[in-house]
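# Report on the structure
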Amino acid sequence: MKSRNDSFKVTGGARLQGQVRVAGAKNSVLKLMGAALLAEGTTVLTNCPEIADVPYMADVLRGLGCRVVLDGPTVYITVPEHVTSDADFDAVRKFRASVCVLGPLTARSHRAVVALPGGDAIGSRPLDMHQSGLEKLGATTKIEHGCVVSEAESLHGASIKLDFPSVGATENILTAAVLAEGTTVLDNAAREPEIVDLCTMLSEMGAKISGAGSNTITVEGVPRLDPVRHEVIGDRIVAGTWAYAAAITQGDITVGGIDPSFLHLVLEKVKGAGAEVETYATGFRVVQNHRPKAVDYQTLPFPGFPTDLQPMAIALCSVSEGTSVITENVFESRFRFVDEMTRLGADAYIDGHHVMIRGVEQLSSAPVWSSDIRAGAGLVLAGLCADGMTEVNDVYHIDRGYPDFVETLTELGATIERAHHDSAE
């Protein structure tokens, strides 16, 4: 049984080898669950990852009056004719993705009260663009008692341009616009594969959307949507994590269940570190036969290098030959991870939103703490190439984003175990 106080004990030195199949994308399934609110009846999602955030989202939907059944990788969401407008405060505060119910509730119930979201400590994610977009569609919004409140007697199409291609704002505007009267044109929209997956499901439900995956998305509003059965796309961040696991341990890992085009730049960076990379229709293979070489990175919205893989890149650069500079352009607090890496002997220096890393041949084991999902995974990868045993704490973060993380690493040849700790410790 997993608990909030568990830690992972990682012993370095193993060369990871084998095959992995990734499950559905965390950053897609939660938004698809929220979008199910747009149609009365039962929506079925398949290929769902068995991670902690899925039951969290199920609790949010249950609080809105839905019946949710989790059956392994399949999620059944039965939405009533009348949906409650107030999202449960405690449930929403557990994770940031819960704010994705704002758009669907505004469209379906004409009112949404959603607690300002909690989740990973990686910097501020203000809702200004979410609110501004909904207001242009005809809603009134405000922040009140720790919640964002959105109300609209009716919604209408609008021309909206985002200041930044925010994934969350794009999602909330789309899920409101599909039931608005008239045409909505969203410029500088996010282009992530998860946005395309959301648009695909909405289209299957009866929405009229064009331009998904481009900077401009056009939505022709329809009066109603219908429930569907939809398969969640593979998780590109989990797949990318395994690519870095191969590179950092000088290993050989084949990853399936993912469209490699989602990771084009990521795999190019792994090649730059000296790995051999083969791509297939539904996966890829990474083979690293020698110490990796230093590579520079800068995080950007898709199709740029994903901020969610920045901790893995830092872990790799820490043991690479040469000096790397990594620039973080998305979240201002993501370099909290670097402080933990220095505990492991990484030679890293932070300067604003840049970090310079001089690679060392081997890291040294130490107790470290996860501050978010991806930082936790990055610390585990670093522990795989440290001498001795590294204890990674606060791994409940990792459980929110990676199904069967310890089991998969063990199958690949890592020496890792989950240590259970009582809350009183």
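Residues numbered from 1 in each chain as written. Predicted model: local features only at pLDDT ≥ 70, side-chain atom pairs only at ≥ 80, totals over all residues. Heavy atoms only, no water.

### Section: the packing of helix 8 (residues 236-248) against helix 9 (residues 264-272)
Put simply, helix 8 and helix 9 touch, their axes get as near as 11 Å, and they point 0° apart. In this view, helix 8 runs roughly parallel relative to helix 9, as classed from their interaxial angle. Note on element contacts: helix 9 touches helix 8 through Val-266, Leu-267, Lys-269 and Val-270, opposite Ala-243, Tyr-244 and Ala-247. A class-by-class count of the residues in the contact of helix 8 with helix 9 yields six nonpolar, no polar and one charged. (Axes fitted to C-alpha atoms, helices over the stretch in contact; angles between N-to-C directions. Helix = DSSP H or I, 4+ residues; strand = E, 2+ residues; numbered from the N terminus. Parallel < 35°, antiparallel > 145°, perpendicular 65-115°, else oblique. Contact = heavy atoms within 4.5 Å. Nonpolar A, V, L, I, M, F, W, Y, C, P; charged D, E, K, R; others polar.)

### Some words on a negative patch on the surface
Side chains of Glu-50, Asp-71, Asp-404, Glu-407 and Glu-411 sit close together on the surface and give a patch of like negative charge. Summarising the element assignment, Asp-404 is placed in the loop between helix 13 (396-399) and helix 14 (405-411). (Patch = residues over 30% accessible without salt bridge, like charges linked within 9 Å, V, L, I, M, F, W, Y side chains within 5 Å. Areas by Shrake-Rupley, 256 points an atom, 1.4 Å probe, with all protein chains shown as cover. Salt bridge = Lys/Arg side-chain N within 4 Å of Asp/Glu carboxyl O. Lys, Arg positive; Asp, Glu negative; His and termini not counted. Charge placed at Lys NZ, Arg CZ, Asp CG, Glu CD.)

### Quick look at empty space enclosed by the protein
This structure, assessed with the given rule, holds one cavity of 30 Å³ or more. A volume near 40 Å³ is recorded for the largest cavity. Forming the walls of the largest cavity are Lys-31, Gly-34, Ala-35, Cys-100, Pro-104, Glu-171, Asn-172, Thr-175 and Leu-198. Breaking the lining of the largest cavity down by element, the ones donating at least two residues are helix 1 (26-35) and helix 6 (167-177). The residue makeup of the lining of the largest cavity, split by class, is four nonpolar, three polar and two charged. (1 Å grid on protein atoms, 1.4 Å probe; cavity = no way out; pocket = protein on both sides within 12 Å on 5 of 7 lines; lining within 4 Å. Points joined across faces, edges and corners; volume = space filled by probe spheres on them.)

### Observations concerning the domain arrangement of the protein
The assigned domain composition of the protein is domain 1 (6-22 + 234-420) and domain 2 (26-231). Here the C-alpha centroids of domain 1 and domain 2 sit 30 Å apart. (Domains from an automatic or database assignment.)

### So, the packing of helix 5 (residues 128-136) against helix 6
Between helix 5 and helix 6, the least distance of the axes is 8 Å, while the angle of their chain directions is 20°. As far as their axial angle goes, helix 6 and helix 5 are roughly parallel. Two packed elements cross with a definite hand, and for helix 5 against helix 6 that hand is right-handed. In contact with Met-129, His-130, Gly-133 and Leu-134 of helix 5, helix 6 contributes Gly-168, Ala-169, Asn-172, Ile-173 and Ala-176. (Left-handed = near helix turned anticlockwise from the far one by under 90°.)

### A short note on the pairing of strand 8 (residues 147-151)
Here strand 8 lies mainly inside the structure; four of its five residues are buried. Where strand 6 (residues 111-115) and strand 8 come together, five bridges link them in antiparallel fashion. Within the sheet, the bridge partner assigned to Val-114 lies in strand 8 and is Val-148. Bridge count between strand 7 (residues 140-144) and strand 8: five bridges; the pairing is antiparallel. The residue bridging Thr-141 from the neighbouring strand is Ser-150, located in strand 8. (Buried < 20%, exposed > 50% of the residue type's maximum accessible area, 1.4 Å probe, protein only. Pairing = 2+ DSSP bridges.)

### Observations concerning helix 11 (residues 336-343)
An α-helical turn contains 3.6 residues, so any two residues separated by three or four positions project in the same direction. Where helix 11 is concerned, the buried positions are Phe-337, Val-338, Glu-340 and Met-341. What you see down the axis of helix 11 is that its buried residues fit within an arc of 160°, all on one side. A positive phi of about 95° marks Gly-345, the residue just after helix 11. (Arc of directions from axis to C-beta.)

### Here we look at the pattern of salt bridges
Using the criterion set out here, one finds 16 salt bridges in the structure. Between Arg-285 and Asp-252 there is a salt bridge, with its nearest N and O atoms 2.6 Å apart. Taken as a pair, Arg-285 in strand 16 (residues 283-287) and Asp-252 in strand 14 (residues 252-256) lie far apart in primary sequence, 33 residues in all. Two residues, Glu-268 and Lys-271, come together in a salt bridge whose shortest N-O distance is 3.3 Å. Taken together, the positions of Glu-268 and Lys-271, both in helix 9 and three residues apart, correspond to about one turn of that helix. Classification of Lys-271 as partly exposed rests on a relative accessible area of 38%.

### A few points about the packing of aromatic side chains
Each aromatic ring pair is specified by the distance between its two centres and by the angle formed by the two planes. If you walk through the whole model with that rule in mind, you get five aromatic pairs. Between Tyr-402 and Phe-405, the ring centres sit 5.0 Å apart and the planes meet at 55°, which makes this aromatic pair tilted. Since its relative accessible area comes to 1%, Tyr-402 is described here as buried. An aromatic cluster is built from Phe-8, Trp-242, Tyr-402 and Phe-405, whose rings are joined through pairwise contacts. Residue placement shows Lys-269 over the ring face of Tyr-297; its charged tip is 5.3 Å from the ring centre. (Phe/Tyr/Trp six-rings, centres within 6.5 Å; stacked < 30°, edge-to-face > 60°. Lys NZ or Arg CZ within 6 Å of the ring centre and 35° of its normal.)

### Things to note about the sheet that holds strand 17 (residues 297-298)
Spatial ordering of the open sheet is given by 17-18-20-19, a layout of four strands whose pairing is mixed. The open sheet has two edge strands, strand 17 and strand 19 (347-351), and neither has a second partner. In this sheet, strand 20 (residues 354-358) lies alongside strand 19 in antiparallel orientation, the contact comprising five bridges. Bridging across to strand 20, Tyr-349 finds its partner in Met-356.

### Let's talk about the environment of Pro-49
Relative to the helices and strands, Pro-49 resides in the loop between strand 3 (41-46) and helix 2 (53-63). Sequence separation between Pro-49 and Pro-73 is 24 residues, and the spatial gap between their C-alpha atoms is 6.0 Å.

### Comments concerning the sheet that holds strand 12 (residues 217-220)
Strand order across the open sheet formed by four strands is 9-10-12-11, with mixed pairing between neighbours. Edge positions in the open sheet fall to strand 9 (159-161) and strand 11 (208-210), since each of these has one partner strand only. With strand direction ignored, the average angle separating the axes of adjacent strands in the sheet is 15°. Examined bridge by bridge, strand 9 and strand 10 (residues 183-187) share three bridges and lie parallel to one another. Counterpart to Lys-161 in the pairing with strand 10 is Asp-187.

### Concerning the confidence of the model for the protein
This prediction gives the protein a mean pLDDT of 93; 94% of its residues lie at or above 70. The model gives residues 119-124 a pLDDT under 50, and that stretch makes 25 contacts with residues more than four places away or in other chains. (pLDDT = per-residue confidence, 0-100.)

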